[in-house]
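# Tertiary structure, described
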Amino acid sequence: MSNTAPAPESVATPARVATKRTILMCKPDFYTVSYRINPWMHPEEPTDTSKAVEQWQSLVDVYEQLGFDISYIEPIDGLPDMVYAANGGFVLDGIAYGAKFQYPERQPEGPAYMDWFRQAGLTVAEPEQTNEGEGDFLLIGDTIYAGTGFRSDSTSHDELATIYGREVVTLKLINPSFYHLDTAIAVLDPEPSVDGTSNIAYLESAFDEPSLTILRERFPDAIIATEEDAAILGLNSYSDGYNVVIAARATTFASQLKEKGYNPIGVDLSELLLGGGGVKCCTLDLHPVGTGTSVARSLGVS
């Protein structure tokens with residue numbers, strides 16, 4: 001009789017399920033870098049608008065192949081950052097919380113996106129506090145995680161809680177290169193799994209210690225991104241629960257995703273990176289009604 005202990009069973013990789021996504025995008029017809037409001041932008045260096053359009057179209061092509069429902073807002077001459085649609089607002093439960101940008105160069109984008117939301121039949125909550133939409137607000141499970149430190153004021157988190165009636169968890173960003181939450185966290189499971197959990201990836205150095213404590217406690221199985229991948233906005237990605245569209249050069253992140261059962265799809269948005277944006281920046285999740293039951297309560301809903 002053998003005394004050899006049986007080999008431990010290997011932990012099965014969870015089966016990932018793709019869900020249809022409904023998103024808003026903006027073609028970069030007027031994209032350029034003509035001012036500097038983040039560390040990525042260098043207006044003294046040339047940009048190529050036609051190349052930006054071509055790269056953006058490659059992202060659209062991937063989304064179409066994945067079966068996403070894509071809507072488009074018309075770009076406006078003089079608003080070169082409008083391509084970063086995720087900053088245009090936060091949409092959930094049929095309610096669009098409008099953006100109120102910190103920098104004057106981007107402030108006209110807020111009303112333009114709110115006009116689109118109204119025309120799309122969404123209820124619009126006009127913001128009183130500075131916020132930059134889904135750039136800083138991420139729905140993970142049933143909870144809204146809200147970034148602050150550089151762009152969105154923490155008082156906007158109170159507006160979120162009032163409008164949506166959901167838990168809002170504040171996370172503080174401390175690295176100026178990762179000035180929006182969606183540059184430091186990737187939501188890998190846009191819909192909670194059968195056990196109610198959602199997975200993420202994040203960059204540890206982007207957050208203060210209290211925020212890291214929250215992330216470690218709530219997401220013990222999260223992917224910890226490398227500095228190298230984060231530096232090309234590898235975390236600024238978009239997932240349908242199985243397919244994760246990422247920066248093509250974020251190769252370590254791609255390997256980490258494969259190990260967790262996801263299917264990484266790399267795209268080259270290097271021209272748009274010159275403005276400080278990547279895949280997620282170009283993608284506003286419209287979160288169709290049915291993901292929650294909250295209703296708007298105040299703050300100028302129209």
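Right, let's walk through the structure included here. Being a predicted model, the structure only gives us computed values, none of them experimental. (Residues numbered from 1 in each chain as written. Predicted model: local features only at pLDDT ≥ 70, side-chain atom pairs only at ≥ 80, totals over all residues. Heavy atoms only, no water.)

Turning our eyes to something else, we now look at the side chain of Thr143. Looking at where Thr143 falls in the secondary structure, it is placed in strand E7 (residues 143-148). At a separation of 3.1 Å, a polar atom in the side chain of Thr143 contacts the side chain of Glu167. Every residue in contact with Thr143, bar those within four places of it in the chain, is listed here: Leu138, Glu167, Val169 and Arg218. (Helix = DSSP H or I, 4+ residues; strand = E, 2+ residues; numbered from the N terminus. Polar contact = N/O pair within 3.5 Å; in protein donor to acceptor, adjacent residues only side chain to side chain. Contact = heavy atoms within 4.5 Å.)

Adjacent strands of a sheet pair through backbone hydrogen bonds, lying either parallel or antiparallel. Across the sheet, which stays open at both edges, the three strands sit in the order E12-E13-E14 with mixed pairing between neighbours. One side of each edge strand has no neighbouring strand; the edge strands of this open sheet are strand E12 (238-239) and strand E14 (263-267). With two bridges joining them, E12 and strand E13 (residues 243-247) adopt antiparallel strand pairing. In the sheet register, Ser239 faces E13, and the bridge partner there is Val244. (Pairing = 2+ DSSP bridges.)

It is worth spelling out unusual backbone geometry at this point. Phi angles above zero are rare outside glycine, and Asp93 is one such case at about 60°. Secondary-structure assignment places Asp93 in the loop between strand E3 (89-92) and strand E4 (95-98). A positive phi angle is found at Leu233, which is not glycine, with a value near 55°. When you line up the elements, Leu233 lands in the loop between helix H5 (227-230) and E12. Overall, Leu233 belongs to the buried group, its relative accessible area being 1%. (Buried < 20%, exposed > 50% of the residue type's maximum accessible area, 1.4 Å probe, protein only.)

Moving on, we get to the sheet that holds E7. An order of E6-E7-E8 is seen for the three strands of this open sheet, with the pairing classed as mixed. Sheet topology places strand E6 (137-140) and strand E8 (168-172) at the edges, where each strand pairs with a single neighbour. Pairwise comparison of adjacent strand axes, ignoring direction, gives a mean angle of 25° for this sheet. Those strands touched by helix H3 (residues 155-164) are E6, E7 and E8, and its axis lies near 160° from that of E7. (Axes fitted to C-alpha atoms, helices over the stretch in contact; angles between N-to-C directions.)

What follows deals with the packing of aromatic side chains. One pass over the full model with this rule turns up eleven aromatic pairs. On the basis of an interplanar angle of 65° and a centroid distance of 6.1 Å, the ring pair of Trp56 and Tyr72 is categorised as edge-to-face. Taken together, the residues span a long stretch of sequence, with Trp56 in helix H1 (residues 49-65) and Tyr72 in strand E2 (residues 69-72) at a distance of 16 residues. Trp56 gets classed as buried once you look at its relative accessible area, which sits at 3%. By relative accessible area, which is 36% here, Tyr72 ends up partly exposed. What links up through ring pairs into an aromatic cluster is the set Phe90, Tyr97, Phe137 and Tyr164. (Phe/Tyr/Trp six-rings, centres within 6.5 Å; stacked < 30°, edge-to-face > 60°.)

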